[in-house]
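Per-entry structural report
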Amino acid sequence: MRAETKCASEILLPVTDYDLAATLDSGQVFRWRPDGGGWVGVIGRNRVRLTQEREGILAQSDVPVEQWDWLRTFLQTDVELERILGTFPGDDPMNRAVAACRGLRVLRQEPWECLASFILSATKQIVQIRQIVSRLCEGFGDRLAAEPQKSSIANDLLYSFPAAERIAGLTEADLRNCRMGFRAPNLLAAARQIAAGTLELERLRGLPYGEAQAELMTLRGVGAKIADCVLLFAYGFDSAFPVDVWVERALRTLYFPRRRVSEKHLRRFAATHFGPHAGYAQQYLFHFVRTKPRKDEN
DNA sequence: GACCAGGACCATT
DNA sequence: AATGGTCATGGT
């Protein structure tokens, strides 16, 4: 039993139908880790512990917090999940995915951290993305105003995610030291464009989905999939439907078993079949196939 | 010690 | 429009 973290401020966000663990561990975010029955992570410049309670989500900070709107936004606790699930197609694969992932949510992240993280995600397993992001934050993030106590909390969670302006001043070698390989020049170029104002991430909020996606795809290393992740996870474009290797496998095996379907046909299906909150549906399918127990176990 | 990962991009067919 | 190679790294 570890000693309880000294807590200067806490709040209970009342919410039902919310699976905190599934949500924080479903490949949307990369800085959250289970700790003492809850989860510890960093949002902006706040290190927070989140715990699933019967009445909702308990949030604890070790520094005083006057208002918690940033946390409500991040967790999207005001979203009525049932209303969204009601827009999903009523087919068997979707029903199975929803049944298996009750309470899974789509978070609302800060755009730069989300963009940078998913630039680093290309052909990396989620565990490795976490490692790269950890090194990046510990190496170049700002020290947070958190008490330097010994705990099981990893060191990198004592730092903010480095701003674009900070990364823009680094060298490619600095970034390669974080073991991000060929993604280093892509992240560096993106950071420099954001820092220089060539691309304004805040401006994307007001654009139609297609235009916002095209803007992001002007960045080297950002294709349709990574752009869709950012549009869905940071901007709330619920129609964005990122298709990675897992989702493609899910679509093929669940909807087109033993049938050869072209890439284009699959893409058209994904864009039309899942309704106005297709991005949520995608997250359910993703988490469903990734957590489904293999048949050679148990 | 292969195999593969929340891809993108470029060169061939 | 569809394949194939390449990029860097390390978990499983």
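Residues numbered from 1 in each chain as written. Chains lettered and ligands numbered in written order. Predicted model: local features only at pLDDT ≥ 70, side-chain atom pairs only at ≥ 80, totals over all residues. Heavy atoms only, no water.

**Re empty space enclosed by the protein**
The gaps of empty space that remain are located by a probe, the size of a water molecule, rolled over the atoms. The condition is simple: Buriedness of a pocket was judged along seven lines, with at least five required to meet protein on both sides within 12 Å; pockets are open sets of points on a 1 Å grid over the protein atoms alone, cavities are sets where a 1.4 Å probe fits but cannot get out, and lining residues have an atom within 4 Å of a point. Grid points are joined across faces, edges and corners, and a volume is the space filled by probe spheres set on the points. Strands here mean DSSP runs of E at least two residues long; helices mean DSSP runs of H or I at least four residues long; both are numbered from the N terminus. For this classification, Asp, Glu, Lys and Arg are treated as charged, while Ala, Val, Leu, Ile, Met, Phe, Trp, Tyr, Cys and Pro are nonpolar and the rest, including Gly, are polar.
The tally for this structure, following the rule as stated, stands at 2 cavities of 30 Å³ or more. Approximately 30 Å³ is the volume attributed to the second largest cavity. Together, I119, N186, A189, A190, Q193, L219, R220 and V222 line the second largest cavity. A total of 4 residues in the lining of the second largest cavity trace back to one element, the largest contributor, which is helix α9 (residues 184–196). Classifying every residue of the lining of the second largest cavity gives 5 nonpolar, 2 polar and 1 charged.

**Observations regarding the pattern of salt bridges**
Oppositely charged side chains are able to pair whenever their charged atoms sit close together. Spelled out, the test is: Between Lys or Arg on one side and Asp or Glu on the other, a salt bridge is scored when a side-chain nitrogen of the former is within 4 Å of a carboxyl oxygen of the latter. Note on classification: 1.4 Å probe, protein chains only; a residue is buried when its accessible area is under 20% of the maximum for its type, exposed when over 50%, partly exposed between these limits.
Under the criterion given, the structure shown has 15 salt bridges. In this structure, R130 and D25 form a salt bridge, with 2.7 Å as the shortest nitrogen-oxygen distance. In this pair, R130 is assigned in helix α6 (residues 126–140) and D25 in the loop between α1 (20–24) and β2 (33–35), connecting sequence segments 105 residues apart. Residue classification places R130 among the buried residues on the basis of a relative accessible area of 18%. The closest approach of N and O atoms between E263 and R252, which form a salt bridge, is 3.8 Å.

**Structural notes on the protein's contact with DNA strand C**
Using the following cut-off: Distances are taken per atom, and a residue is near a molecule or strand as soon as one of its heavy atoms is within 4 Å of it. Polar contact is defined as a pair of N or O atoms within 3.5 Å, subject to the rule that within protein one atom must be able to donate a hydrogen and the other to accept it, and that residues adjacent in sequence are counted only when both atoms are side-chain atoms.
Neighbouring residues of DNA strand C: 13 residues in total, closest K124, Q128, G181, F182 and R183. Looking at DNA strand C alone, sugar and phosphate atoms form 63% of those within 4 Å of the protein. Within the contact set of DNA strand C, a sugar or linking oxygen lies 3.4 Å away from a side-chain nitrogen or oxygen of Q125. Within the side chain of R179, an N or O atom sits 3.4 Å from a phosphate oxygen of DNA strand C. The element contributing the most residues to the surface near DNA strand C is α6, with 3 residues. A per-class count over the surface near DNA strand C returns 2 nonpolar, 6 polar and 5 charged.

**Quick word on the domain arrangement of chain A**
Accessible area lost on assembly of the parts is the figure often given for the size of an interface. Short version of the rule: What marks off one domain from the next here is an automatic or database domain assignment. Contacts are assigned to residue pairs with any non-hydrogen atoms lying within 4.5 Å of each other. By buried area we mean how much accessible surface two parts lose on assembly, using a 1.4 Å probe and totalling the loss over both.
The domain architecture assigned to chain A consists of domain 1 (9–92), domain 2 (111–233) and domain 3 (245–296). Summarising the inter-unit geometry, the C-alpha centres of domain 1 and domain 3 are found 26 Å apart. Counting residues at the interface gives 13 residues for domain 1, matched by 12 residues for domain 3. Of the roughly 1,000 Å² buried where domain 1 meets domain 3, counting both sides, 63% is carbon and sulfur surface. Where domain 1 packs against domain 3, one counts 0 salt bridges.

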